[in-house]
Amino acid sequence: MKLHELTIKKANELLKKKEITAQELTEDILNRIDECESKIGAYVTIDKEGALKSAKSTDEKADFTDPLAGIPMSAKDNICTKNLKTTCCSRMLENFVPPYDATVISKLRERNAIILGKTNMDEFAIGSSTQTSFFHTTQNPWDLSRVPGGSSGGSAAAVASDECIYALGSDTGGSVRQPASYCGVVGLKPTYGRVSRFGVASLAATMDTIGPITKNVTDCAIVLSAIAGQDSFDPTSSDIPVDNYLQKLKNDVKGLKIGIPKELLYHEAVSKDVKDAVLNAIKVYEDLGCICEEISLKNAEYAMSAYLVTLAAEASSELGQYDGIRYGYRTSSDYQDLKDFYKKTRGEGFGFDVKWHIILGTYLSDEKYYDKYYLKAQKIRTIIKKDFDEAFKKYDFLITPTTPTTAFKIGESSDDPFKMHMNDLCVSIVNLAGLPAISLPCGFSKGLPVGLQIIGKAFDEAGILQVAYAFEQNNDYHTRRIKERMV
Amino acid sequence: MKYESVIGLEVHVELFTKTKIFCGCSTEFAADPNTHCCPICLGMPGALPLMNKSVVEFATKAGLALNCQIADFSRFDRKNYFYPDLPKAYQISQFYIPLARNGYVEIEPNGQKKRVGIRIMHMEEDAGKLVHEEGGSYSHLDLNRAGMPLIEIVSEPDMRSAEEAWLYLNNLRTILQYIEVSDCKIEEGSMRCDINISLRPEGSEQLGTRVEVKNLGSLRAVRRAIEFEEKRQRDILENGGTIDGETRRWDEAQGITIFMRGKGSNRYSPEPNLSPIIISDEWKEDIRNHIPELPNVKKERFIKEYGLPEYDASIITASKILANFYEETVKYYHDPKIISNWIMVELMNVLNETGEGIKDLKFTPKQLADMLIMIDKGIISGKIAKDVFREMFKTGKNPEEIVKEKNLIQISDEAELENIAKKVIENNPKSVEDYKNGKEKAMSFLVGQIMKETKGKANPQMVNSILTRLLKEI
Ligand SMILES: [Zn+2]
């Protein structure tokens, strides 16, 4: 087996046994990056020197008791890394170098993780395809003519093509789970407040979460253990104790009650192949002794609108800080006054989709329309949360497709924002409710991976990891990546 | 037609907590530009606000001192707008659910007690400062002030004149200084005031169109701006015009208000990164227990307890430090009115002359009391005491020491004074004759001569009686 194909767990075993060194592992992955990047384009910044340097010092410490020590990873480019460019894949921050680490990065550094670089994303995490990046489009490792999904497409593609052992992404409306699904890897969106958001450029502060993208469920549990927990720098982070996720991975799901929201599984946007793969997964759970029943999330049809309004309104406020005054892009053309300065700086610095959302959001959150749109969206949110609460009174978990279809072609349907957003239906409803959810491979359609989403109760990450683990133990979808991908 | 002014004030007060409202940066005044800044106050990607608990404490204290109801649940919102000194393009403020409501400040225009209502009082962060380059085509930006904790106090439109507004601001400032939440220095920007003013026909209940005046740099400017606006708006109305609802700024040099901008709408949205502010009854009571006696209560007490005239009491209690100084002196000296006289006259004089503040006083209440006792004991005369007082003010030395050093002890020796008196009588036969002819003035001239002879040290009562006796004998 090639080193870059290792999982966190395997690599850690070899490092512990001194069969490999962190430097060897890092070098191998850097070579893999050299080999793949011209076709995949998963990265926007690669820090060879930094990665090798920390691999060397980790080897010198020779302490691999922490499963992440010496393991090379990458982070989405909206997660701030000290002294390493963090651009949000926008012209606005093209040369921005943060003087601080995001909390998730500091936590990983403390564990001697090796940071390889920063991965491509939709500009400011707005999008579902990684096509709106200022730099380039990332290709799906399963089919180079297709998108990897978004907005954490670079992270998902990097994991799927073995250009890192694991990656971090951000998930505001499905941006970890959707690309994980398109790229045939595991992506977890934790409960809102489970993982610190400090140092991650905000998109919609009430929905943003940081989550791991990994090669299998075990690795996902390992990374989540490292990044979860209360952070004094993030007032919205929760003080609920962090479970021992790894210990709870047991192949025993007998008697668990699983609900299948019919509004999501039988939605017209869900393709036949995807539906079949999910139904097949349900069969697997039934065989393992779970009780699976169809249920109704009766207000699911309003979720997409509520999500879009919330996203646009919050994003328009969050993105105001990029004004060219203190840092970032500043117009080089002449301007007449302050207003003209802002117009030119922001007009030139932001791409189309970002501007589309800012303008929509500005309108939606204006004093005049606030009650009509933003407040109404928040009311729908409360109703949807209640629907989930009801469902979780009866069921331990809910299962849906992660995405209605498999990865679409690059350039396809990107001129229709609403249709693009329908791809996010099953995932974004989870962000509205703030719940944890995982996506893992559950089948294939015409050679492209299909994702299964498991939604849990708030802070029951241990539960969804266990349910996901049980499924993974009973098929080989997660290992086909190595055999069937294009690169 | 006669018009009546309807005036409301919006006052921003900087709280002097040690650190900023949402980060650990120092609030020190006049530091080098951009030295008290961090990713949070600079609005950098991913930076999140962290609530400073002492800001909530200070603000609650202010709310209680202003007789407000404190909300047990309040929340922060964002006010979204673009300006270079506003790093995040939104200001974190309280809009939908503020910390405090329904308070009042008492004023006494023309000796009549009146309450000016406080509609709301909320917490917010300050913006940075733009420093415009003289004659240049660019501006400097200092973000030390960005994130400084403020409270905004919005009054009801209860004031009817510049005088009432001035009294309200003065009392507001005194209260906030008393409870030690702010130094309220208008000149240094730690207290800032916007005026809302409209005119209506006298007797009308309806409000006229409101004009906002911003950028008031002193109490005097507030007064002048109101007077200017009253006249400007009256002139327009009397000529059949209508008032535009606009924002104007005060130009100190020209003494006029100038159009700044028309009415615009604001964008508010809940601040998602901060938890709601929950204030328990215990916490509130604890804060309430730390509120010292407020100026109006203290004033009434001084009148009752020390028998001071209302005027003295209001001047002495206008400053907490002065009031404390006074009360401390009372402990060491029996006559509160005499202490008040010395403070009202001599102390105020030297403070005015030197421009120093009460808090810089070098001498102690005990020393002042000792000096007054020396007068009573006849060791120094009242006149000499004035010199002693000035020396105490300058050096902080004990009065006994000053008297000794400068040889100021009063001459109370009967024989010595009689000798001097005799000499003066001998040298001034004209005055003696005038006195005999009933001219009382001549007596004081002779007393003056004796004082001159003794360099003011002669015991005045003794001089009087000795002179009277000697003149009678002639
Ligand atoms: Zn700061």
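It should be emphasised that the depicted structure is a prediction, and the values quoted were computed from it without experimental measurement. (Residues numbered from 1 in each chain as written. Chains lettered and ligands numbered in written order. Predicted model: local features only at pLDDT ≥ 70, side-chain atom pairs only at ≥ 80, totals over all residues. Heavy atoms only, no water.)

**Student:** What is the right way to look at the overall build of chain B in this model?
**Tutor:** Across its full length, chain B holds 16 helices and 16 strands. Relative to a compact globule of 474 residues, whose C-alpha radius of gyration would be 23 Å, chain B shows 30 Å and is clearly more extended. The 474 residues of chain B split such that 52% are buried. Within chain B, counting contacts between residues at least 6 apart in sequence, those at least 24 apart form 69% of the total. Of the roughly 22700 Å² of accessible surface on chain B, a fraction of 50% belongs to carbon and sulfur atoms. Each charge class in chain B was averaged separately, 65 positive and 73 negative side chains, and the resulting centres sit 1 Å apart. (Helix = DSSP H or I, 4+ residues; strand = E, 2+ residues; numbered from the N terminus. Rg over C-alpha atoms; globule rule 2.2 N^0.38 Å. Buried < 20%, exposed > 50% of the residue type's maximum accessible area, 1.4 Å probe, protein only. Contact = heavy atoms within 4.5 Å. Areas by Shrake-Rupley, 256 points an atom, 1.4 Å probe, with all protein chains shown as cover. Lys, Arg positive; Asp, Glu negative; His and termini not counted. Charge placed at Lys NZ, Arg CZ, Asp CG, Glu CD.)

**Student:** I tried to follow the overall build of chain A on my own but got confused; where do I start?
**Tutor:** Tallying secondary structure elements over chain A gives 17 helices and 11 strands in all. Relative to the 2.2 N^0.38 estimate, which gives 23 Å for 487 residues, the radius of gyration of chain A is 21 Å and therefore close to what a compact globule would have. Structurally, chain A occupies a C-alpha span of about 65 × 55 × 45 Å along its principal axes. Taken across its 487 residues, chain A has 65% of its residues classed as buried. Partitioning the intrachain contacts of chain A with sequence separation of at least 6 by distance along the chain shows that 76% fall at a separation of at least 24. Accessible surface, chain A: about 17200 Å² in total, of which carbon and sulfur atoms supply 50%. Each charge sign in chain A was given a centre, from 59 positive and 65 negative side chains, and these centres are 2 Å apart.

**Student:** I tried to follow the UniProt feature "domain: Asn/Gln amidotransferase" (unreviewed entry) in chain B on my own but got confused; where do I start?
**Tutor:** Here the UniProt feature "domain: Asn/Gln amidotransferase" (unreviewed entry) sits at residues 324–471 of chain B. Note that residues 324–471 of chain B is 74% helix and 0% strand, and that its end C-alpha atoms are spaced 49 Å apart. (UniProt positions renumbered as here; feature names shortened; annotations may be inferred.)

**Student:** Even after reading the chapter, I still don't get unusual backbone geometry, so can you show me in this structure?
**Tutor:** Trans peptide bonds make up most of the peptide bonds, and negative phi angles are found at most residues other than glycine. All names here are of chain A. Between Gly-150 and Ser-151 the backbone carries a cis peptide bond, its omega angle lying at 0°. Along the chain, Ser-151 turns up in the loop between β3 (114–119) and α5 (153–160). Unusually for a residue other than glycine, Ala-125 sits at a positive phi of about 70°. Its location among the elements puts Ala-125 in the loop between β3 and α5.

**Student:** Quick question: what am I supposed to make of the interface of chain A and chain B here?
**Tutor:** Many descriptions give the size of an interface as the accessible area lost when the pieces come together. At the interface, 39 residues of chain A touch 32 residues of chain B. For the chain A face of the interface with chain B, the top three residues by lost area are A:Pro235, A:Arg326 and A:Glu367, together amounting to 20%. On the surface where chain A and chain B come into contact, there are one salt bridge. Its salt-bridge partner being A:Glu318, residue B:Arg78 comes within 2.9 Å of it at the nearest N-O pair. One can count 15 residue pairs in polar contact (both at pLDDT 80 or more) joining chain A with chain B. Looking at the side of chain A that touches chain B, the elements that each hand over two or more residues are α10 (300–318), α11 (338–349) and α12 (352–364) of chain A. (Buried area = accessible area lost by both parts, 1.4 Å probe. Salt bridge = Lys/Arg side-chain N within 4 Å of Asp/Glu carboxyl O. Polar contact = N/O pair within 3.5 Å; in protein donor to acceptor, adjacent residues only side chain to side chain.)

**Student:** Mind showing me how you'd approach the sheet that holds strand β10 (residues 437–445) of chain A here?
**Tutor:** Across a sheet, strands are paired by hydrogen bonds formed along the backbone, either parallel or antiparallel in direction. Residues and elements named next belong to chain A. In spatial order, the strands read β1-β3-β2-β4-β6-β5-β10-β11-β9-β7-β8; together these 11 strands make up an open sheet with mixed pairing. Two strands in the sheet have a free side with no partner beyond their single neighbour: β1 (43–46) and β8 (291–295). Taken over all neighbouring pairs, the strand axes of this sheet differ in orientation by 30° on average, direction set aside. Where strand β5 (residues 186–189) and strand β6 (residues 209–214) come together, two bridges link them in antiparallel fashion. Bridge pairing links Gly-187 to Ile-213 in β6. The sheet strands contacting helix α3 (residues 48–61) are β1 and β3, and the helix crosses β3 at an angle near 160°. (Pairing = 2+ DSSP bridges. Axes fitted to C-alpha atoms, helices over the stretch in contact; angles between N-to-C directions.)

**Student:** Honestly, the coordination of the zinc ion in this entry has me stumped. Any pointers?
**Tutor:** Reference geometry at the metal: tetrahedral coordination by four donors gives ideal angles of 109.5 degrees; octahedral coordination by six donors gives 90 or 180 degrees. All names here are of chain B. The protein atoms donating to the zinc ion are Cys-23 (SG), Cys-25 (SG), Cys-38 (SG) and Cys-41 (SG), with metal-donor distances spanning 2.2 to 2.4 Å. Taken together, the four donor atoms coordinating the zinc ion span angles of 103 to 117° at the metal, a pattern that classifies the geometry as tetrahedral. In the primary sequence, the donor residues of the zinc ion line up as C-x1-C-x12-C-x2-C. Taken together, the positions of Cys-23 in the loop between β1 (3–14) and α1 (39–42) and Cys-41 in helix α1 put the pair 18 residues apart, joining distant regions of the chain. For Cys-23, a relative accessible area of 8% translates into the label buried. (Donors = N, O, S within 2.8 Å, 3.2 Å for Na, K, Ca; no water. Tetrahedral: all angles 85-135°; square planar, octahedral: opposite > 155°, others 65-115°.)

**Student:** What is the right way to look at the layout of surface pockets in this model?
**Tutor:** It is the rolling of a water-molecule-sized probe over the atoms that shows where space remains empty. Residue and element names in this part refer to chain B. For the second largest pocket, the calculated volume is near 1700 Å³. Counting only elements with at least two residues in the lining of the second largest pocket, the list comes to β6 (100–107), α3 (162–178), α6 (295–306), α7 (310–317), α8 (320–332) and α9 (336–354). For the lining of the second largest pocket, the element with the highest residue contribution is α3, accounting for nine residues. In terms of residue class, the lining of the second largest pocket is built from 21 nonpolar, 11 polar and 13 charged. Taken domain by domain, the lining of the second largest pocket gets at least three of its residues from each of domain 1 (8–200 + 261–283) and domain 2 (293–406). (1 Å grid on protein atoms, 1.4 Å probe; cavity = no way out; pocket = protein on both sides within 12 Å on 5 of 7 lines; lining within 4 Å. Points joined across faces, edges and corners; volume = space filled by probe spheres on them. Nonpolar A, V, L, I, M, F, W, Y, C, P; charged D, E, K, R; others polar. Domains from an automatic or database assignment.)

**Student:** Explanation requested: the packing of aromatic side chains in the structure shown.
**Tutor:** Two aromatic rings, taken as a pair, are described by how far apart their centres are and by the angle between their planes. Residues and elements named next belong to chain B. Throughout the structure, instances matching the rule amount to 30 aromatic pairs over all chains. The ring of Trp-283 has Lys-53 lying over it, and the distance from NZ or CZ to the ring centre is 5.2 Å. Across from the ring centre of Tyr-90, 3.9 Å away, lies the NZ or CZ of Arg-78, which sits over that ring. (Phe/Tyr/Trp six-rings, centres within 6.5 Å; stacked < 30°, edge-to-face > 60°. Lys NZ or Arg CZ within 6 Å of the ring centre and 35° of its normal.)

**Student:** Would you take a moment to explain the domain arrangement of chain B for this structure?
**Tutor:** With domains assigned, chain B is organised as domain 1 (8–200 + 261–283), domain 2 (293–406) and domain 3 (414–473). The centre of domain 2 of chain B, based on its C-alpha atoms, is set 33 Å off from the matching centre of domain 3 of chain B.

**Student:** Sorry if this is basic, but what is going on with empty space enclosed by the protein here?
**Tutor:** Throughout the structure, instances matching the rule amount to three cavities of 30 Å³ or more. Considering the residues around the largest cavity, the lining is formed by 21 residues, among which B:Ile40, B:Ala47, B:Pro49, B:Lys88 and B:Tyr90 are closest to the centre. Among the elements of the structure, α1 and β5 (90–93) of chain B are those that each provide at least two residues to the lining of the largest cavity. Considering only residue class, the lining of the largest cavity consists of 12 nonpolar, six polar and three charged. Its boundaries defined by the atoms lining it, the second largest cavity holds a volume of some 100 Å³. Along the walls of the second largest cavity sit 14 residues, with A:Ala125, A:Gly127, A:Ser175, A:Tyr307 and A:Asp424 positioned nearest its centre.

**Student:** Looking at this structure, how should I read the UniProt feature "active site" (unreviewed entry) in chain A?
**Tutor:** Residue and element names in this part refer to chain A. Within the UniProt annotation, "active site" (unreviewed entry) is assigned to Lys-76, Ser-151 and Ser-175. In summary, the annotated positions, though distributed over 100 residues, converge in three dimensions, the widest C-alpha pair being only 10.8 Å. Lining the second largest cavity, from the residues named above, are Ser-175. Once residues within four sequence positions are removed from consideration, Lys-76 is found in contact with Lys-118, Thr-119, Met-121, Ala-125, Ser-151, Ser-152, Ser-155, Leu-168, Gly-169, Ser-170 and Ser-175. Residue classification places Ser-151 among the buried positions, given a relative accessible area of 0%.

**Student:** Even after reading the chapter, I still don't get the nonpolar core, so can you show me in this structure?
**Tutor:** When a protein is soluble and globular, its nonpolar side chains tend to lie buried together. In terms of nonpolar packing, the biggest core is built from 109 residues, with B:Leu9, B:Ile153, B:Tyr168, B:Ile195, B:Leu347 and B:Met371 touching the most fellow members. The biggest single contributor to this core is α3(B), with nine residues. When neighbours within four sequence positions are excluded, B:Leu9 is seen to be in contact with B:Ile153, B:Val154, B:Ser155, B:Met159, B:Ala165, B:Tyr168, B:Leu169, B:Cys193, B:Asp194 and B:Ile195. Among the nonpolar cores identified, the runner-up in size contains 96 residues, and A:Ile165, A:Val176, A:Ile258 and A:Ile260 belong to it. (Core = buried A, V, L, I, M, F, W, Y, C linked by side-chain atoms within 4.5 Å.)

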